[in-house]
Amino acid sequence: MAYTGRFAPTPSGPLHLGSLLAALASFLDARHAKGRWLVRIEDIDPPRCPTGAADTILRQLEAFGLKWDGPVRHQSERHAAYQAALERLAALGLAYPCSCSRKEWREYAIYPGWCRHEPLNPERPLAWRLRSDLGRRPIEWEDRRLGHQRFDPTELGDVVLKRKDDLWAYQLAVVVDDADQGVSDVVRGADLLDNTPWQRQLQDALECPVPRYLHLPLVLGDNGQKLSKQNLAPALPTDEAGIRHTLHHALQRLGQQPPREMAHACVADQLDSAISAWRPERLRHMAANEH
């Protein structure tokens, strides 16, 4: 399969260092392989996506020289594709409507599957869940950084595919779009590692190609928490000197050992050098707790 990578941010705010590392690693991996690199805006949760945030993200990627191929995809325009996938899963007996609230099963580690055969309260708004007790178990794959991975989906529970408010959940949307866009390689943060078993289940059920996975170490802040918009991680700089410095710092954080003299080089020269010198095996030495 020809290499196609992607960066798929949720437009809940501007990019920060953690999201830049994910975008940069994905970009370098694709360009080193002479492959395509796509940008997909995961705007399926409108309450989390303020107006203008997606445009800000695209401007940030451009400022850091991360030029994508083809048009930007917006998941908010993909309802019909997700609905078709859900109907197929339901026909296979792998997805079911669920009336339970989180409060009702809060004493359980995972959702107990009470509605697997029929909704307990069909008069309520219904979510749709994936049955974790059907299909191949355990789920196994080789992560390019972490090596062999093995999960039992029943220990993760029946994940939501469509919410009660009719908004699509991440798991189904990402699988449908990765398959439709021919994504061969997924490079993303290790916080999404335990999402992969559900996605592998969905790929099997929907007969989708299985991409290779590379999960990056997380970037932690001074408080030991993952850098994120929810934790008020600072946005990336917008001035030219700050962008050059941050890009060089990001390459260092990815374990790529950029030459010291490149710290003051323009963005294009830094990226050209980094693409040529890209070594994903160095990510194993990337320190997750540096800040």
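The paragraphs below set out a description of the structure included in this document.

Calculation rules
- Counting restarts for each chain: residues are numbered from 1 in the order of the written sequence.
- Whole-chain, interface and lining totals are the exception, using all residues; otherwise, since this is a predicted model, local features are given only for residues with pLDDT of at least 70 and side-chain atom pairs are given and counted only at 80 or more.
- Remark: hydrogens and water are excluded; side-chain values derive from all non-hydrogen atoms of the structure.
- Numbering of helices and strands runs from the N terminus, with a helix taken as a DSSP run of H or I at least four residues long and a strand as a DSSP run of E at least two residues long.
- We call a residue buried when its accessible area falls under 20% of the maximum for its residue type, exposed when it is over 50%, and partly exposed in between, using a 1.4 Å probe and counting protein chains only.
- Contact criterion: two residues are considered in contact whenever any of their non-hydrogen atoms come within 4.5 Å of each other.
- Computed with the Shrake-Rupley method and a 1.4 Å probe, the accessible areas treat only the protein chains shown as cover for residues.
- Two strands pair under a simple rule: DSSP has to find at least two bridges between them.
- An axis is simply a line fitted to the C-alpha atoms; with a helix, the fit covers only the stretch in contact. Between two such axes, the angle follows the N-to-C directions and lies from 0 to 180 degrees.

**Re the overall build of the protein chain**
- What the protein chain contains, in helices and strands, is seven helices and 10 strands.
- Along the first, second and third principal axes, the C-alpha set of the protein chain runs to 65 × 40 × 40 Å.
- In the protein chain, which comprises 291 residues, the share counted as buried stands at 52%.
- Of all intrachain contacts in the protein chain linking residues separated by at least 6 positions in sequence, the fraction that spans at least 24 positions is 75%.
- As displayed, the protein chain has an accessible area near 14,000 Å², and 51% of this comes from carbon and sulfur atoms.

**A look at the side chain of Gln171**
- Within the element layout of this structure, Gln171 appears in helix H4 (residues 170-180).
- Overall, Gln171 belongs to the buried group, its relative accessible area being 5%.
- Apart from the residues lying within four places of it in its own chain, the contact partners of Gln171 are Val159, Asn195, Trp198, Gln199 and Leu202.

**Side note on the environment of Trp278**
- Structurally, Trp278 can be placed in the segment after helix H7 (267-277).
- Owing to a relative accessible area of 1%, Trp278 belongs among the buried residues under this scheme.
- A C-alpha to C-alpha distance of 48 Å links Trp278 and Cys100, two positions 178 residues apart in sequence.
- Setting aside its immediate chain neighbours within four residues, Trp278 contacts Ala25, Leu28, Asp29, His32, Gln256 and Leu283.

**Digging into the sheet that holds strand S8 (residues 160-162)**
- Taken together, the three strands give an open sheet; going across it, the order is S4-S5-S8, and neighbouring strands pair in antiparallel fashion. The two strands at the open ends of the sheet, each matched to only one other strand, are strand S4 (95-98) and S8. Across the sheet, the mean angle from the axis of one strand to that of its neighbour is 40 degrees, orientation sign disregarded.
- Where strand S5 (residues 127-130) lies against S8, two bridges are found, and the strand directions are antiparallel. Opposite Trp128, over in S8, you have Lys162 as the bridge partner.

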